[in-house]
Amino acid sequence: MNIEKSSKKEEIQFGKVLNIAGAFIALLIGSGFATGQEVMQYFASYGIYGFLGVLAIFLLLTYVGRSFIMVGHKEQFEKGNDIFSYYCGPYLGKFYDYFSIFFLFLSVIVMVAGASAIGVQHYNWSNYLGGSLLGILAIITVIFGLNKIVEVIGKIGPIIVVLSILVSVITIAQNWNQVDIADITMKANDLVDAKKIHRASANWFLAAGSYVGFCMLWLAAFLSQVGKTSRSRREARIGAEAGAGGFSLAVLLMSAALMFKLDDIAGSQIPSLLLAEDLHHILANIFSIIIFLGIYTTSVPLLWTVSSRFSEEKTTKFKVITIVLGTIAIIIGLKLEFDQLINYVYVINGYIGILLLLIMIFKDIMKITKKN
């Protein structure tokens, strides 16, 4: 009887696994990945060593994804952010709790800058138009709770992944015979020295660590809640592994495509759009809209999470806080370059995330040691 109950609990549904994997991927799809700027700075800028970075993030994202989900399933946290106290204790955990909120707000600023860069590069809009439009839409959506709009447009995440992979694969196929693999790293180094492209860190390994570090600050609370509500630990674990694998594959393909076109995309705020434009201007037009909508559906939950931390949703205080925070994000996001924001905000926060990663690894080692 007990065996039957156990087997039922560990029974998995393929659809549920796909939902978890899709949610994992969609959460990491924001202005950084969709525009290609994030992939450029963390992977493509290191030449062929960037592929080692992709392998590193696959292994580390698989580890942290599984850990967050399994701990959430086991501990059943009242709030997702309680996972920080679980790993770091009450004091350092509280720091990570509040720091993650601060990072989410900084991420809203990055989203505004990304939307602004799309308008400038692809539509020749004023620098103020794209970012302001995104910020205002996000504020309105959070204030009035237009859930249906977010639900409908929220399906855009998988489309971004599919289009990104499509553009990357075609670019790779068209340029495979024209690229000197041995020359890629040298060319990347030259462009970095000329300050035409940014790098996330001094070497590919630190860049990969920083990348996983900032992803963890996005994933921790969310995945612990996914684990809490999952019927089966195995189902949740496989979903996290599939999510890490799918996202890493998309990063790998886009990294290769950007490496093959380094000369053409150097200095671009939105390198993925240049790849699409190279294939066909209609594809680039569609891609630009998809990217904007993807940034919108990422910025809304980010802004909502920050505002809801300080006040209850739909109250006057909540609305005022949302307007103030959204306006600040617009003002700052319009003043700074998108690639510079990625280089500072994500990289610095990534190093804070690395400390959390080390704490997790230490805690797991201690558990294994005690069992033995």
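Everything quoted here is computed from the prediction, not taken from an experiment.

Caption draft 1: Region of interest: a positive patch on the surface. On the surface, a cluster of positive charge is made up of Lys74, Arg233, Lys367 and Lys371. Residue position: Lys367 is located in helix α17 (residues 338–371).

Caption draft 2: Representation of a nonpolar patch on the surface. Taken together, the side chains of Ile48, Tyr49, Phe51, Leu52, Ile181, Leu249 and Leu252 define a hydrophobic patch exposed on the protein surface, amounting to about 560 Å² of accessible area. Of all the secondary-structure elements, those providing two or more residues to the nonpolar patch are α5 (49–75) and α12 (233–260). In terms of residues, the nonpolar patch owes the most to one element, α5, which gives three residues. Mapped onto the secondary structure, Ile181 falls in helix α10 (residues 181–193). Overall, Ile181 belongs to the partly exposed group, its relative accessible area being 40%.

Caption draft 3: View of the packing of helix α2 (residues 14–28) against α12. Contact pair α2 / α12: the axes reach a minimum separation of 7 Å and the direction vectors enclose 45°. Classed by the angle they form, the pair α2 and α12 counts as oblique. In the crossing of α2 with α12, the sense of the turn from one axis to the other is right-handed. Where α2 abuts α12, its residues Lys16, Val17, Ile20, Ala21, Phe24, Ile25 and Leu28 lie against Glu235, Ala236, Ile238, Gly239, Ala240, Ala242, Gly243, Ala244, Gly246 and Phe247.

Caption draft 4: Region of interest: α5. For α5, with 27 residues, the first-to-last C-alpha span of 39 Å sits near the 39 Å given by 1.5 Å per residue. Count one or two residues on from α5 and you reach Gln76, which has phi positive near 55°.

Caption draft 5: Local environment of the pattern of salt bridges. By the definition in use, this model includes six salt bridges. Ionic pairing is found between Lys261 and Asp278, a salt bridge with its closest N-O pair at 2.6 Å. Of this pair, Lys261 sits in the loop between α12 and α13 (262–265) while Asp278 sits in helix α14 (residues 271–279), placing them 17 residues apart in sequence. When its relative accessible area of 11% is taken as the criterion, Lys261 is described as buried. A relative accessible area of 49% means that Asp278 is categorised as partly exposed.

Caption draft 6: Here's a closer look at the packing of helix α7 (residues 127–144) against helix α16 (residues 316–335). Closest axis-to-axis distance for the α7/α16 pair is 9 Å, and the angle between their directions is 165°. Accordingly, the angle class assigned to the pair α7 and α16 is roughly antiparallel. The element α7 and its partner α16 pack so that their crossing is right-handed. Residues Asn127, Tyr128, Gly131, Ser132, Gly135, Ile136, Ile139, Val142 and Ile143 of α7 lie in contact with α16, whose contacting residues are Phe318, Lys319, Thr322, Ile323, Gly326, Thr327, Ile330, Leu334 and Lys335. In the contact of α7 with α16, the residues fall into nine nonpolar, seven polar and two charged.

Caption draft 7: Spatial organisation of the packing of aromatic side chains. The full count for this structure, using the stated rule, is 21 aromatic pairs. Aromatic side chains Phe68 and Tyr87 sit 6.3 Å apart centroid to centroid with 70° between the ring planes, which places their arrangement in the edge-to-face category. Here Phe68, found in helix α5, pairs with Tyr87, found in helix α6 (residues 82–123); they are 19 residues apart in sequence, far enough to count as distant. When its relative accessible area of 1% is taken as the criterion, Phe68 is described as buried. Look at Tyr87 and you get buried, because its relative accessible area is 8%. Between Phe77 and Tyr86, the aromatic rings sit 6.0 Å apart at their centres with planes inclined by 65°, giving edge-to-face as the arrangement. On the basis of relative accessible area, Tyr86 is assigned to the buried category, the value being 18%. Here a set of aromatic residues connected by ring pairs shows up, and it is made of Phe33, Tyr42, Phe43, Phe103, Tyr211, Phe214, Trp218, Phe247 and Tyr346. A cation over a ring is seen here: Arg309 above Tyr98, with NZ or CZ 5.1 Å from the ring centre. Lying across the ring of Tyr86, Lys363 places its NZ or CZ 5.0 Å from the centre.

Caption draft 8: Fine view of the environment of Arg309. Following the sequence through the fold, Arg309 ends up in helix α15 (residues 281–310). A C-alpha to C-alpha distance of 8.0 Å links Arg309 and Ile101, two positions 208 residues apart in sequence. Contacts of Arg309, omitting those with residues within four sequence positions, involve Asn81, Asp97, Tyr98 and Ile101.

So, how was this worked out
Along each chain, numbering runs from 1 in the same order as the chain's sequence is written. Residue-level local features of this predicted model are given only where pLDDT is at least 70; pairs of side-chain atoms are given and counted only at 80 or more, and the full residue set underlies all totals for whole chains, interfaces and linings. Side-chain metrics in this entry use all non-hydrogen atoms of the structure; hydrogen atoms and water are not considered. Put simply, a patch holds well-exposed residues, over 30% relative accessible area, that have no salt bridge, with like charges counted together within 9 Å and Val, Leu, Ile, Met, Phe, Trp or Tyr side chains within 5 Å. All accessibility values rest on the Shrake-Rupley procedure with a 1.4 Å probe; residue burial counts only the protein chains present in the view. Between Lys or Arg on one side and Asp or Glu on the other, a salt bridge is scored when a side-chain nitrogen of the former is within 4 Å of a carboxyl oxygen of the latter. Only four residue types enter the charge count, namely Lys and Arg as positive and Asp and Glu as negative; His and the chain termini do not. Every charge is mapped to an atom, namely NZ of Lys, CZ of Arg, CG of Asp or CD of Glu. Numbering of helices and strands runs from the N terminus, with a helix taken as a DSSP run of H or I at least four residues long and a strand as a DSSP run of E at least two residues long. With a 1.4 Å probe rolled over the protein chains alone, any residue whose accessible area is under 20% of its type maximum counts as buried; one over 50% counts as exposed, and the rest are partly exposed. Angular values range over 0 to 180 degrees, each being the angle between N-to-C directions of two axes fitted as lines to C-alpha atoms, with helices fitted over their stretch in contact. An angle counts as roughly parallel when it lies under 35 degrees, as roughly antiparallel when it exceeds 145, as roughly perpendicular when it falls between 65 and 115, and as oblique in every other case. With the far helix as reference, a near helix turned anticlockwise by less than a right angle produces a left-handed crossing, and one turned clockwise produces a right-handed crossing. Any pair of residues with heavy atoms lying within 4.5 Å of one another is described as a contacting pair. Under the convention used throughout, the expected extent of a helix is 1.5 Å for every residue step, that is, one less than its residue count. Under this grouping Gly is polar, as are all residues other than the nonpolar Ala, Val, Leu, Ile, Met, Phe, Trp, Tyr, Cys and Pro and the charged Asp, Glu, Lys and Arg. To pair, rings of Phe, Tyr and Trp, with the six-membered ring standing in for Trp, must have centres within 6.5 Å; the planes then decide the type, stacked if under 30 degrees apart, edge-to-face if over 60, and tilted in the middle. Lysine and arginine charges are scored as sitting over a ring when NZ or CZ, respectively, is within 6 Å of the ring centre and within 35 degrees of the ring normal.

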